Amino acid sequence: MARLRDCLPRLTRAIRSLLFWSLVYCYSGLCASVHLLKLLWSIGKGPAQTFRRVAREHPPACLNDPSLGTHCYVRIKDSGLRFHYVAAGERGKPLMLLLHGFPEFWYSWRHQLREFKSAYRVVALDLRGYGETDAPGHRENYKLDCLITDIKDILDSLGYSECVLIGHDWGGMIAWLIAICYPEMVTKLIVINFPHPNVFTEYILQHPAQLFKSSYYYFFQIPQFPEFMFSINDFKALKHLFTSQSTGIGRKGCRLTTEDLEAYIYVFSQPGALSGPINHYRNIFSCLPLKHHMVTTPTLLLWGEKDAFMEVEMAEVTKIYVKNYFRLTILLEASHWLQQDQPDIVNKLIWTFLKEETRKKD
């Protein structure tokens, strides 16, 4: 009987793990089936159009706009990876580090590079696997531990011990984790359209609507097929994310220009350019929820009310995980792509937060 009692907790954990992974892979299969039907429908309508891709050999001029900053590279000694970033502002000023989301790259911070260079050394990074940063081939190289270590190593390589850290979407997830694991490195934390990671994992299991909105997390567990689906119809899915009525920047927002959109397509149309970004998601279910989760850094959370991928209710719940000054601002009519959608308002809110004297909560 005693042996049975000892085995019962392990058996319970094993059953829970089996049920969890069964849910993950069943939903992944369902999402893949939906996309397969979309592919077949597209081929039926026009096979030539479905498999058409325009060759893009040269980057659009906006990616080399000198007003945005200087293109730089740094090689991390331990991992051996070379990271690309764009830096604006004088060396020696306080560091502001910008972490983009998916499917984005350093250029999503163009409005902030111009805005904050007067007071900061602003660095917009291409995350591991994105853009001109090295992309390890194996999915195991994209675990959250690796992504966290990347940011720590980059700070060291840039000669800084702390920074103002700003993250959007997946970059927001990484920013939360940095603030949790290395609070001494973050003087102020600003996250755009991503809740605390524990809020996300708890909420998605309890709210089918968020499970549906996050279906791409599950679809990305399938090897190769997501990359292929993004590339068909000359990257129509990528264009759709930024421009459609359902997921794109709204009518009142600062819409992407033709050149802006072409910059995104250029970067993600390069050989193998989609695998690294999607590999970020292929380890997510083995890394969450977090064992340590409290944030002790002054935090600003900005949220676009019309976010097609994240329900706004998660933003409200996030405050319970921040044991310091916390401010939430929800922008009406704004989309998921908030720092590009409403750059003037976002920049003003960030300035206000940076200039405030924040006091730790008792």
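About the criteria used
Residues numbered from 1 in each chain as written. Predicted model: local features only at pLDDT ≥ 70, side-chain atom pairs only at ≥ 80, totals over all residues. Heavy atoms only, no water. 1 Å grid on protein atoms, 1.4 Å probe; cavity = no way out; pocket = protein on both sides within 12 Å on 5 of 7 lines; lining within 4 Å. Points joined across faces, edges and corners; volume = space filled by probe spheres on them. Helix = DSSP H or I, 4+ residues; strand = E, 2+ residues; numbered from the N terminus. Pairing = 2+ DSSP bridges. Axes fitted to C-alpha atoms, helices over the stretch in contact; angles between N-to-C directions. Polar contact = N/O pair within 3.5 Å; in protein donor to acceptor, adjacent residues only side chain to side chain. Contact = heavy atoms within 4.5 Å. Phe/Tyr/Trp six-rings, centres within 6.5 Å; stacked < 30°, edge-to-face > 60°. Buried < 20%, exposed > 50% of the residue type's maximum accessible area, 1.4 Å probe, protein only. Lys NZ or Arg CZ within 6 Å of the ring centre and 35° of its normal. Core = buried A, V, L, I, M, F, W, Y, C linked by side-chain atoms within 4.5 Å.

Chemist: Could you give me a rundown of the layout of surface pockets, with the residues and numbers involved?
Modeler: Empty space among the atoms becomes visible once a probe the size of a water molecule is rolled across them. By volume, the largest pocket amounts to about 1,100 Å³. Lining the largest pocket are 36 residues, with His35, Lys38, Ala237, His240 and Leu241 positioned closest to its centre. Elements that contribute at least two residues to the lining of the largest pocket include exactly helix H1 (2-45), helix H2 (47-50), helix H7 (208-213), helix H8 (215-219) and helix H9 (225-243). The biggest single contributor to the lining of the largest pocket is H1, with nine residues.

Chemist: Account for the sheet that holds strand E5 (residues 163-168), naming residues and giving values.
Modeler: Pairing is mixed in the open sheet, where eight strands are placed in the order E1-E2-E4-E3-E5-E6-E7-E8. On the outer flanks of this sheet lie strand E1 (70-75) and strand E8 (326-331), each paired with one strand and no other. Each strand of the sheet is rotated relative to its neighbour by a mean of 20°, with strand direction disregarded.

Chemist: Can you lay out the side chain of Asp234 for me, pointing to particular residues and giving the numbers?
Modeler: Examined against the element boundaries, Asp234 turns out to sit in helix H9. A polar side-chain atom of Asp234 sits 2.9 Å from a polar atom in the side chain of Arg56. Those residues in contact with Asp234 that lie beyond four places of it in its chain are Arg52, Arg53, Val54, Arg56 and Lys239.

Chemist: Now, about the environment of Gln112: what can you tell me, with residues and values included?
Modeler: For Gln112, the location among the structural elements is in helix H3 (residues 110-116). Taking C-alpha positions, Gln112 is 21 Å from Glu333, a pair spaced 221 residues apart along the chain. Contacts of Gln112, omitting those with residues within four sequence positions, involve Leu98, Val122, Gln339, Pro343, Val346 and Asn347.

Chemist: Now, about unusual backbone geometry: what can you tell me, with residues and values included?
Modeler: With omega at -10°, the peptide bond leading from Phe102 into Pro103 counts as cis. Mapped onto the elements of the fold, Pro103 is located in the loop between strand E3 (95-99) and H3. A positive phi angle is found at Asp169, which is not glycine, with a value near 55°. Residues other than glycine seldom take positive phi values, yet Asn193 does so here, at roughly 55°. Structurally, Asn193 is set in the loop between strand E6 (186-192) and helix H6 (197-206).

Chemist: Hey, could you go over the packing of aromatic side chains for me, with residue numbers and the actual values?
Modeler: Within this structure, the stated rule accounts for 29 aromatic pairs. When the ring of Trp170 is compared with that of Tyr281, the centres are 4.6 Å apart and the planes differ by 40°; the resulting orientation is tilted. Here Trp170, found in helix H5 (residues 170-181), pairs with Tyr281, found in the loop between helix H11 (275-279) and helix H12 (284-287); they are 111 residues apart in sequence, far enough to count as distant. Since its relative accessible area comes to 0%, Trp170 is described here as buried. It is Lys188 that lies over the ring of Phe353; its NZ or CZ is 4.8 Å from the centre.

Chemist: Explain the nonpolar core to me, using residue names and the numbers behind them.
Modeler: Ranked by internal contacts, the top residues of the largest apolar core, which has 115 residues, are Trp170 and Tyr217. The residues touching Trp170, leaving out its near neighbours within four places in the chain, are His100, Gly101, Phe102, Leu127, Leu144, Leu147, Tyr217, His280, Tyr281 and Ile284.

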